[in-house]
Amino acid sequence: MIRFILLQNRQGKTRLAKYYIPLEDSEKHKVEYEVHRLVVNRDPKHTNFVEFRTHKVIYRRYAGLFFSMCVDITDNELAYLECIHLFVEILDHFFSNVCELDLVFNFHKVYLILDEFILAGEIQETSKRAIIERMGELEKQE
Amino acid sequence: MALTGMRGLSVFISDVRNCQNKEQERLRVDKELGNIRTRFKNEKALTHYEKKKYVWKMLYIYMLGYDVDFGHMEAVSLISAPKYPEKQVGYIVTSCLLTENHEFLRMAINTVRNDIIGRNETFQCLALTMVGNIGGKEFSESLATDVQKLLLSSSCRPLVRKKAALCLLRLYRKNPDVINIDGWYDRMSQLLDERDLGVLTSVMSLFVALVSNNVEAYWNCLPKCVKILERLGRNQDVPQEYTYYGIPSPWIQVKTMRALQYFPTIEDPNTRRALFEVLQHILMGTDVVKNVNKNNAAHAILFEALALVVHLDAEKEMMSQCVALLGKFIAVREPNIRYLGLENMTRLLLVSDAQDIIKRHQAQIIISLKDPDISIRRRALDLLYGMCDVTNAKDIVEELLQYLNTADLAMREELALKAAILAEKFAPDLSWYSYQFLHQFHIICSDIFQM
């Protein structure tokens, strides 16, 4: 399962943090610091998977943002790597050519989108169309 | 894209971003927190709408790294708000700020339950989502039955049922007793007939968890899994929206093959044959393509198929195919594939016959030992260690010790340890052993331990 998802920029600022395991705030800060250090220094020519404590982090960089997913050690790495990409495609579609600023000023929408995509640390829905449509339904109710 | 109706929040975010340094930011944030604290103290006068704005601000401040404990109560209280915009904020922010052990969360159980069993579908979804993300044991005990009902209800939209499936998975993980196996013997089988692929995606995750704890109850689900792989493998009846770069839901395929790895054998010859046909098709039919994402998705399926083939203890021919494929992978430029090739070859070692065919790739594996990427070097070391036997021990140990001279700090300890174990285990004669171990190894080790 996915234990947590982080979106961090190069400076280490957290643009999104979703945890599917219970962690205290101090533990979360530690995790965010460690994961950032881990991924920001990795050579782009190296693998997108790296061991983290007793788990592994699957990550990819998109422009100035690092998308990281911490998964169980037995999970299928490439499946989660493409899960990250699908998430980026959904965001890109929703925000019409997404950039970091969109995610900052609309952080609440990003959480909503994420909740349609992943639930309980597992992939819930993989149809971009279904997720975007659902977001449309919800916007009407605002 | 502007935030609708929350100008105050946008302005606040802009203010924070315009701060020149951390000190200024802290001042601005403290000012806002002070304001919010004051407003919250006078709770009776606060409308749900106003509360909503402040709670979103609180989440933003929390994301910046500041403590917002004082506002937890307000976030949770919004869960009881009558209208969607405010209720939504309550659910989402609570999910971000609180964990399952939090006292306030317990206080919300009744409200949450009312939303789940109520008639408002949007409220049901909000509740299922929060419980699925942060629900704990108590939620499990109170809500599992209601969540199950939603999952199995034909009058619920797929939207609700897929959330119910994963919510139930969470509750099960917190308290396995909530799923009564006797009742689920048939239910799970029916759920695997699901036509909606969104629901099937979620259901399959639930299934993997259930079967991993109790294979006995779910034998009737095995042929269903094979049918799903057949359907997706042939791209039959798969709506366009569920194909990813032309590949029918790679995630359902991977999960289904994972589920199958929990079954010790496949008794029925027809099912076994059908599955091997699917696997053969994957092994032979996965090409390397230019598009990175399509390539990754296709190989995600391929690697899971490899794991399943190994688990099923397939015929020698298929195993040779697997090793041949892996032999190809460990030499490609793509680091991800190289890494997975090495990792899967190590897994293959557990199968008795594979060792000989793996040894043919020794040279390439030794090259990987010196790969620029430490993740790959580690996998190569594991593999060399595992494939070592009397025929190649001399070469491998010599290679490890030679590399030890130039290896980086992170690798040295493990390298030294593994080399020592192998040298002792496979020493062809005492003179060789004493030279390797005493002469080279001690010198290098004293280097390490001096640091």
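In the block above lies the structure referred to throughout.
As the structure is a prediction and not an experimental result, all values here were calculated from the model. (Residues numbered from 1 in each chain as written. Chains lettered and ligands numbered in written order. Predicted model: local features only at pLDDT ≥ 70, side-chain atom pairs only at ≥ 80, totals over all residues. Heavy atoms only, no water.)

Residues and elements named next belong to chain A. A sheet is described by the order of its strands in space; here five strands give the open sequence E2-E1-E5-E4-E3, paired in antiparallel fashion. The sheet is open, and its two borders are formed by strand E2 (14-19) and strand E3 (49-52), each paired with just one other strand. The sheet shows a mean angle of 20° between the axes of neighbouring strands, direction not considered. Sheet topology note: the strand E4 (residues 55-62)/strand E5 (residues 65-71) ladder contains seven bridges and is antiparallel. Bridge pairing in E5 places Tyr-59 opposite Ser-68. (Pairing = 2+ DSSP bridges. Helix = DSSP H or I, 4+ residues; strand = E, 2+ residues; numbered from the N terminus. Axes fitted to C-alpha atoms, helices over the stretch in contact; angles between N-to-C directions.)

Right, let's talk about the interface of chain B and chain A for a bit. With 75 residues of chain B in contact, the opposing surface of chain A contributes 61 residues. Regarding the contact of chain B and chain A, the summed buried area is about 5900 Å², with carbon and sulfur atoms giving 52% of it. At the surface where chain B touches chain A, the tally comes to eight salt bridges. (Contact = heavy atoms within 4.5 Å. Buried area = accessible area lost by both parts, 1.4 Å probe. Salt bridge = Lys/Arg side-chain N within 4 Å of Asp/Glu carboxyl O.)

Residues and elements named next belong to chain B. The geometry of helix H9 (residues 137-152) relative to helix H10 (residues 158-174) is characterised by a closest axis approach of 9 Å and an angle of 150° between their N-to-C directions. For H9 against H10, the interelement crossing comes out left-handed. In this structure, H9 uses Lys-137, Phe-139, Ser-140, Leu-143, Ala-144, Val-147, Gln-148, Leu-150 and Leu-151 to contact H10, whose residues at the interface are Val-160, Arg-161, Ala-164, Ala-165, Cys-167, Leu-168, Leu-171 and Lys-174. Among the residues forming the contact of H9 with H10, the class breakdown is twelve nonpolar, two polar and three charged. (Left-handed = near helix turned anticlockwise from the far one by under 90°. Nonpolar A, V, L, I, M, F, W, Y, C, P; charged D, E, K, R; others polar.)

Another aspect to go through is the packing of aromatic side chains. Applying the stated rule across the entire model yields 17 aromatic pairs over all chains. Between Phe67(A) and Phe87(A) the ring centres are 6.3 Å apart and the planes differ by 75°, which places this aromatic pair in the edge-to-face class. Taken together, the residues Phe67(A) in strand E5 and Phe87(A) in helix H2 (residues 77-94) connect sequence positions 20 residues apart. One aromatic cluster in this structure is built from Tyr62(A), Phe67(A), Phe87(A) and Phe117(A). Above the ring of Phe123(B), the side-chain terminus of Lys87(B) is found at 4.7 Å from the ring centroid. (Phe/Tyr/Trp six-rings, centres within 6.5 Å; stacked < 30°, edge-to-face > 60°. Lys NZ or Arg CZ within 6 Å of the ring centre and 35° of its normal.)

As a further point, take the pattern of salt bridges. As enumerated under the stated definition, the model contains 47 salt bridges over all chains in all. Here Arg161(B) and Glu194(B) are joined by a salt bridge, their closest N and O atoms 2.8 Å apart. With Arg161(B) in helix H10 and Glu194(B) in the loop between helix H11 (181-191) and helix H12 (197-213), this pair connects stretches of sequence that are 33 residues apart. Each member of the pair Arg161(B) and Glu194(B) is classed as buried. Through salt bridges with shared partners, one network takes in Glu51(A), Arg379(B), Asp382(B), Glu414(B) and Lys418(B). (Buried < 20%, exposed > 50% of the residue type's maximum accessible area, 1.4 Å probe, protein only.)

If you look at the biggest cluster of nonpolar residues, it comprises 227 residues, and the most contacted ones within it are Val112(B) and Phe207(B). Take this core: its biggest share by element is twelve residues, from H2(A). Beyond its immediate sequence surroundings of up to four residues, Phe207(B) is in contact with Met188(B), Leu192(B), Tyr218(B), Cys221(B), Cys225(B), Ala259(B) and Phe263(B). (Core = buried A, V, L, I, M, F, W, Y, C linked by side-chain atoms within 4.5 Å.)

Turning our attention to the pairing of E5(A). All names here are of chain A. Taking burial as the measure, the seven residues of E5 include seven buried ones, the bulk of the element. Every second residue of E5 is oriented toward a common face, with Leu-65, Phe-67, Met-69 and Val-71 on one face and Phe-66, Ser-68 and Cys-70 on the other, all of them buried. Examined bridge by bridge, strand E1 (residues 2-9) and E5 share seven bridges and lie antiparallel to one another. Directly across from Ile-5, in E5, lies its bridge partner Met-69. Between the end of E4 and the start of E5, which pair antiparallel, lie two residues, with Ala-63 showing a positive phi angle near 50°.

With that out of the way, let us pick up the pairing of E1(A). Burial analysis of E1(A) places eight of its eight residues in the buried class, which makes it a mostly covered element. In this antiparallel pair of consecutive strands, E1(A) and E2(A), the connection spans four residues, and Gly12(A) shows a positive phi of 100°.

On to helix H15 (residues 269-285) of chain B. Residue and element names in this part refer to chain B. For H15, with 17 residues, the first-to-last C-alpha span of 24 Å sits near the 24 Å given by 1.5 Å per residue. What H15 keeps buried is the set Thr-271, Ala-274, Leu-275, Phe-276, Val-278, Leu-279, Ile-282 and Leu-283. Summarising the contacts, the buried residues of H15 are in contact with helix H13 (222-233), helix H14 (250-260), helix H16 (292-311) and helix H17 (316-329). (Expected span 1.5 Å × (residues − 1).)

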